[in-house]
Amino acid sequence: HYTMQNLKGKVIVLNFWFTKCAPCIKEIPDLNKIKKTFGTENVAYFAITYDNKEIVETFLEKIKIDFTVIPNDRKTIDQFKTQYFPTNLILDQKGEVVFVSDFFMRNMIEDMNKTIKKLLKM
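Quick caveat: nothing in here was measured; it's all calculated off a predicted structure.

A closer look at the packing of helix 1 (residues 22-38) against helix 4 (residues 108-119)
Line of reasoning, step 1. At a minimum axis distance of 11 Å, the contact between helix 1 and helix 4 shows a crossing angle of 20 degrees. In terms of orientation, helix 1 lies roughly parallel with respect to helix 4. In this structure, the crossing between helix 1 and helix 4 has a hand that is right-handed. Residues Glu27, Asp30, Leu31, Ile34 and Phe38 of helix 1 touch helix 4, and the partners they reach there are Met108, Ile109, Met112, Asn113, Ile116 and Lys117.
Line of reasoning, step 2. By residue class, the composition of the contact of helix 1 with helix 4 is 7 nonpolar, 1 polar and 3 charged.

This is the structure in structure tokens:
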């Protein structure tokens, strides 16, 4: 179980997605690269979906998501008022949302990298 308390002090990357979402699937390799770039010491990564565990497990047999995948999590999706997919959020070390992707964002991955670098003071 993860809580804001045990993640305190880390940058948190949240990816809201689902298995039938073509844009969600398309961005997975770029999101995996972000994790590879920044590692896990100071950044935590979560891929959150409303799909049930069985559907997600079948999907993950074909496509690897290098984030902690949390299936069947409508509560978190609603908590962050996610209305479209994919949506990516970055929370700073205090748990404040400092980045929200826009569905039409052209340089989203680049902007995510810049935001994480700034937060980590790199």
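So, the packing of aromatic side chains
Line of reasoning, step 1. This structure, assessed with the given rule, holds 6 aromatic pairs.
Line of reasoning, step 2. Between Phe18 and Phe85 the ring centres are 5.5 Å apart and the planes differ by 85 degrees, which places this aromatic pair in the edge-to-face class. Here Phe85 lies in the loop between helix 3 (74-79) and strand 4 (87-91) and Phe18 lies in the loop between strand 1 (11-16) and helix 1, a separation of 67 residues in the sequence.
Line of reasoning, step 3. For the ring pair Tyr45 and Phe67, a centre distance of 5.2 Å and an interplane angle of 50 degrees mean the geometry is tilted. Linking Tyr45 in strand 2 (residues 43-48) with Phe67 in the loop between helix 2 (53-60) and strand 3 (68-70), this pair joins segments that are 22 residues apart in sequence.
Line of reasoning, step 4. Of the residues examined, Tyr45 reaches a relative accessible area of 3% and is grouped as buried.

Thoughts on the environment of Asp66
Line of reasoning, step 1. Positionally, Asp66 belongs in the loop between helix 2 and strand 3.
Line of reasoning, step 2. In this structure Asp66 comes out as partly exposed when scored by relative accessible area, which is 28%.
Line of reasoning, step 3. Once the C-alpha coordinates of Asp66 and Phe46 are considered, the two residues, 20 residues apart in sequence, prove to be 8.9 Å apart.
Line of reasoning, step 4. Not counting the four nearest positions on each side in its chain, Asp66 is found in contact with Asn32 and Lys35.

With respect to the pattern of salt bridges
Line of reasoning, step 1. With the rule as written, the count across this model stands at 4 salt bridges.
Line of reasoning, step 2. With a shortest N-O distance of 4.0 Å, Glu57 and Lys53 are connected by a salt bridge. With a gap of 4 residues between them, Glu57 and Lys53 both fall in helix 2, about one helical turn apart.
Line of reasoning, step 3. The exposure class of Glu57 is partly exposed, given its relative accessible area of 42%.
Line of reasoning, step 4. Judged by its relative accessible area of 48%, Lys53 falls in the partly exposed class.

Focus on helix 4
One turn of the α-helix equals 3.6 residues, which is why residues spaced by three or four share an orientation.
Line of reasoning, step 1. Compared with the 16 Å implied by 1.5 Å per residue over 12 residues, the 16 Å span of helix 4 between its first and last C-alpha is a close match.
Line of reasoning, step 2. Taken together, the buried positions of helix 4 are occupied by Met108, Ile109, Met112, Asn113, Thr115, Ile116 and Leu119. Buried residues in helix 4, looked at end-on, bunch into an arc of 165 degrees, giving them a common side. Among the exposed residues of helix 4, those pointing more than 90 degrees away from its buried face are Lys114 and Lys118.
Line of reasoning, step 3. The secondary structure elements touched by the buried residues of helix 4 are strand 1, helix 1, strand 2, strand 4 and strand 5 (97-100).
Line of reasoning, step 4. At the exit of helix 4 stands Lys121, carrying a positive phi of roughly 55 degrees.

Cut-offs used in this document
Residues numbered from 1 in each chain as written. Predicted model: local features only at pLDDT ≥ 70, side-chain atom pairs only at ≥ 80, totals over all residues. Heavy atoms only, no water. Axes fitted to C-alpha atoms, helices over the stretch in contact; angles between N-to-C directions. Helix = DSSP H or I, 4+ residues; strand = E, 2+ residues; numbered from the N terminus. Parallel < 35°, antiparallel > 145°, perpendicular 65-115°, else oblique. Left-handed = near helix turned anticlockwise from the far one by under 90°. Contact = heavy atoms within 4.5 Å. Nonpolar A, V, L, I, M, F, W, Y, C, P; charged D, E, K, R; others polar. Phe/Tyr/Trp six-rings, centres within 6.5 Å; stacked < 30°, edge-to-face > 60°. Buried < 20%, exposed > 50% of the residue type's maximum accessible area, 1.4 Å probe, protein only. Salt bridge = Lys/Arg side-chain N within 4 Å of Asp/Glu carboxyl O. Expected span 1.5 Å × (residues − 1). Arc of directions from axis to C-beta.

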